[in-house]
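Residue-level listing of the chains:
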Amino acid sequence: MLSDIQTQRCSRLIQDVFEELQPPGLACAVMTDGKLLSFVAHGVSDVEQVTPFSLDYSFPIGSLTKSFAAAAILILRDNGKLSLAQSASEFVPELGPDWEMTSLFHLLSMQGGLGEDFGGSWAEQHLPLSNRELTQRFTIPIIRVASPGTRNFYSNFGYMVLGRVISRVSGVDARDFIVQRLLEPLGMSSTAWSAPSTKAAQGYRRGDSRFESEQLFSAANDGAVFGGLWSCLPDMARWIDFLASAHAPPCERYETILSRASRLEMQRAVVLCPIAPLDEPNKKSAHRGYGLGLVNFPGRSEWSVGHGGAVPGFGCHMRWSPKTGIGLMAVANLRYADLSEGCEQILSAAVEGVPERSISLHPRVAERAAGLLALVRVWDVAAAEQIFASNFFIDYPREGIERRFHELREMHTGDLADAQVVQLSGLSANILIRGSKIMSFTISPFEPGQVQELVL
């Protein structure tokens, strides 16, 4: 749960975003473990009907759809149906010989060498095409701006190709594959490839004196995996939990849908992309990292993962904190509304003071922690030789280490039973007593996993 102070601060920041962008309406939900912690909405989802945004209203999520496409490709990869190193033209031969060096991995990570194509509604104009019409588009020679694998350029068309790959490999339309293998197992019953007949937000552009309605697109071909899904905030909370839970201690909840390792693979930065310099003085320009259908965003205190989406009439953004599992989803019904900076601030406010998710304690780390605490109680030379790696007493003078262990015993006599071991990344851990760290250690990667570094 968010504290009252966190809730109030998030609400103020959401209002600030609404006042800055001035869209017809804006809605934002903060969530964790698939459940909503808070929901704030301003303005209306439909100007003519003066309908406020509510939790069950659907909206197009645009390029957030790419994360579903990437997950679908990895499902097929994990089932042995394809390799990410394979050429796109192996599955979509109508692309022609110019695509032979463009792998599925290149397309997933925006390294296909294709020119950026997110200006205007060029990509969205492909959504109403039939599969046959899209096939004809695949035969048109592409303009390349770099050799595959050498540069990062954001390409919607590359993901259209991936949609056709999903269809060819799975034997069903990519849209149906995503419904059957992702949406239905996750209970995302309000997420679909077209707007619902009721409770659909209307998108707008800013006219000279009023908001003007935008055309609502429905997905009519398998290339729609680049940005054709409609969803709602409760469904997107499930999707965010599906991805964010991969950073938590291993559990079996989603393993039958897509393995934890593959979900983490999606969120791992593959290529760094420069972004505008931070406004703060004396700060160098920052970079974001593109993974497989997801983005690593730099932050003031920690990195976050997510993706933005923008279509005619709407802008949306999802983002979550890997360390805490807290995420958010925001949408504004204004053409290409950019919510990224506002969502960064809202997420920072939501996670402030929230403890990191614990990592399951590795058995060898637990064993070494117990040995170190035993040395605090009674220093034993033979035991120390067994616990510490061959480098240890070369790097740390033996007399000094023994003295520090005696000092810890004097400081914490009677408290050692309350010691807590907190797993860090890899084979490192902290040992705390009543919340205060008394030592950090790292064990070596070879069995029997002896302590190679110790900070007292």
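As shown above, the structure is provided for reference.
About the cut-offs
Residues numbered from 1 in each chain as written. Predicted model: local features only at pLDDT ≥ 70, side-chain atom pairs only at ≥ 80, totals over all residues. Heavy atoms only, no water. Helix = DSSP H or I, 4+ residues; strand = E, 2+ residues; numbered from the N terminus. Contact = heavy atoms within 4.5 Å. Areas by Shrake-Rupley, 256 points an atom, 1.4 Å probe, with all protein chains shown as cover. Lys, Arg positive; Asp, Glu negative; His and termini not counted. Charge placed at Lys NZ, Arg CZ, Asp CG, Glu CD. Buried < 20%, exposed > 50% of the residue type's maximum accessible area, 1.4 Å probe, protein only. Pairing = 2+ DSSP bridges. Core = buried A, V, L, I, M, F, W, Y, C linked by side-chain atoms within 4.5 Å.

We now examine the overall build of the protein. Secondary structure assignment for the protein yields 14 helices and 17 strands. Considering only C-alpha atoms, the protein reaches an extent of 75 × 55 × 45 Å along its principal axes. Contacts spanning at least 24 positions in sequence make up 63% of the contacts within the protein whose residues lie at least 6 apart. Just so you have it, the protein exposes about 20,600 Å², and 51% of that area is on carbon and sulfur atoms. Put simply, the protein has 40 plus and 49 minus side-chain charges, and the middle of one group is 1 Å from the middle of the other.

So, about the pairing of strand 16 (residues 436–443). Side-chain direction in a regular strand flips from residue to residue, so the side chains alternate between the two faces of the sheet. In terms of burial, strand 16 is largely enclosed, as six of its eight residues are buried. With six bridges connecting them, strand 15 (residues 428–433) and strand 16 associate as antiparallel partners. Its bridge partner being in strand 16, isoleucine 431 is matched across the sheet by methionine 439. Between strand 15 and the antiparallel strand that follows it, strand 16, lie two residues; arginine 434 among them carries a positive phi value of about 50°. Relative to strand 17 (residues 451–455), strand 16 runs antiparallel, the two being bridged by four bridges. Residue pairing across strands places threonine 442 opposite glutamate 453, the latter belonging to strand 17.

Counting residues in hydrophobic clusters, the biggest one holds 84 residues, and the most contacted among them are Trp239 and Met329. No other element matches the nine residues that helix 2 (residues 65–78) contributes to this core. With near-sequence residues (within four places) excluded, tryptophan 239 lies in contact with Ser67, Phe68, Ala71, Leu182, Leu186, Met188 and Met318. Listed in part, the 25 residues of the second largest apolar core include Phe393, Ile401, Met439 and Ile443.

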